[in-house]
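Architecture and fold: a report
So you can see what is in the structure, the chains are spelled out below.
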Amino acid sequence: MTTSPDWERRSAELWASIDDHEPAEFRKRVDALAAELPDGDPVAAFERACAFDSTGHSDRAVPLYRAALAGGISGIRRRRSVIQLASSLRNVGRAEEAVDLLTAERQQPADELDDAVSATLALALTSVGREREAVAVAVAALAPHLPRYQRSMANYARLLVEPEEAES
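What counts, and where the lines are drawn
- Residues numbered from 1 in each chain as written.
- Predicted model: local features only at pLDDT ≥ 70, side-chain atom pairs only at ≥ 80, totals over all residues.
- Heavy atoms only, no water.
- Helix = DSSP H or I, 4+ residues; strand = E, 2+ residues; numbered from the N terminus.
- Buried < 20%, exposed > 50% of the residue type's maximum accessible area, 1.4 Å probe, protein only.
- Lys, Arg positive; Asp, Glu negative; His and termini not counted.
- Charge placed at Lys NZ, Arg CZ, Asp CG, Glu CD.
- Polar contact = N/O pair within 3.5 Å; in protein donor to acceptor, adjacent residues only side chain to side chain.
- Contact = heavy atoms within 4.5 Å.
- Arc of directions from axis to C-beta.
- UniProt positions renumbered as here; feature names shortened; annotations may be inferred.
- Phe/Tyr/Trp six-rings, centres within 6.5 Å; stacked < 30°, edge-to-face > 60°.
- Expected span 1.5 Å × (residues − 1).
- Core = buried A, V, L, I, M, F, W, Y, C linked by side-chain atoms within 4.5 Å.

When you go through the protein residue by residue, the secondary structure sums to 10 helices and 0 strands. Counting helices and strands in the order they occur from the N terminus, the protein gives α-α-α-α-α-α-α-α-α-α. By the burial criterion, 36% of the 168 residues in the protein qualify as buried. Positive and negative charge centroids in the protein, built from 20 and 28 side chains respectively, lie 1 Å apart.

Counting through the fold element by element, D41 comes out in the loop between α2 (23–34) and α3 (42–54). Within the structure, D41 has its side chain in polar contact with the backbone nitrogen of V43 (distance 2.8 Å).

Relative to the assigned elements, S11 resides in helix α1 (residues 5–16). The class of S11 is buried, set by a relative accessible area of 4%. Those residues within four positions of S11 in sequence are excluded, and the remaining contacts are L33 and E47.

Looking at helix α6 (residues 95–105), one finds that the buried residues are A95, A98, V99, L102 and E105. Seen end-on, α6 carries its buried residues on one side only, within an arc spanning 130°. Along its buried surface, α6 packs onto α5 (75–91) and α7 (114–127).

Feature annotation in UniProt places "domain: Tetratrico peptide repeat group" (unreviewed entry) on residues 42–160, given in this structure's numbering. Across residues 42–160, the secondary structure splits into 76% helix and 0% strand, with the terminal C-alpha atoms separated by 39 Å.

A few words now on the packing of aromatic side chains. Two descriptors summarise a pair of aromatic rings, namely the distance from one centre to the other and the angle between the planes of the rings. Considering all chains together, one arrives at 2 aromatic pairs under this definition. When the ring of W15 is compared with that of F26, the centres are 4.8 Å apart and the planes differ by 75°; the resulting orientation is edge-to-face. Taken together, the residues span a long stretch of sequence, with W15 in helix α1 and F26 in helix α2 at a distance of 11 residues. Taking the centre distance of 6.3 Å and the plane angle of 55° together, the rings of F46 and Y65 count as tilted.

We now examine helix α4 (residues 58–70). If you check α4, its first and last C-alpha atoms are 18 Å apart, about what 13 residues at 1.5 Å a residue would give, namely 18 Å. For α4, the full list of buried residues reads S58, A61, V62, Y65 and A68. An end-on view of α4 places all buried positions within 135° of arc, on one side of the element. At its buried positions, α4 is contacted by α3 and α5. One or two steps after α4, the chain reaches G72, where phi turns positive at roughly 90°.

Another point: the environment of D20. Summarising the element assignment, D20 is placed in the loop between α1 and α2. Residues D20 and A140, spaced 120 residues apart in sequence, show a C-alpha to C-alpha distance of 37 Å.

Take the nonpolar core next. Counting 35 residues, the largest nonpolar core has F46, Y65, L121 and L125 as the members making the most contacts within it. Of all elements in the fold, only α1, α2, α3, α4, α5, α6, α7 and α8 (131–142) reach the threshold of two or more residues within this core. In terms of residue count, α3 provides more of this core than any other element does, 8 residues in total.

As structure tokens, then:
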């Protein structure tokens, strides 16, 4: 991944202005920025995927997220690629695949995107009819952020998916 601080700054500025552009124009600008990177650079695939995703084209984003991951994208962009790929898969009717992807991702080292992984997993779980598990995932992710009741909420979340323990 060969981005420079200047490239990252320009990318951040472009993304901050997304609402100032028509979708096709925004994608064109992202594509031009991504074209500055070497051929096959996974960051370029990731940025293009994000642009399609953010402008309502999850179907076109999926193969680009896969290309970014296959190309060895790393750091926070790797995690974002997984989350956003799973969200796009859910949007195109492949929620079971999203659940599998996010369930595996929860085994990765913790970072600032853990709650995004959980939130996206909860949505995917609802799409496959596993609403009780979805609520458990969401409540467990929310519990650490509460000013009180963290322990109780975490326990309640666990009991939603392990009800037999509640009866003992």
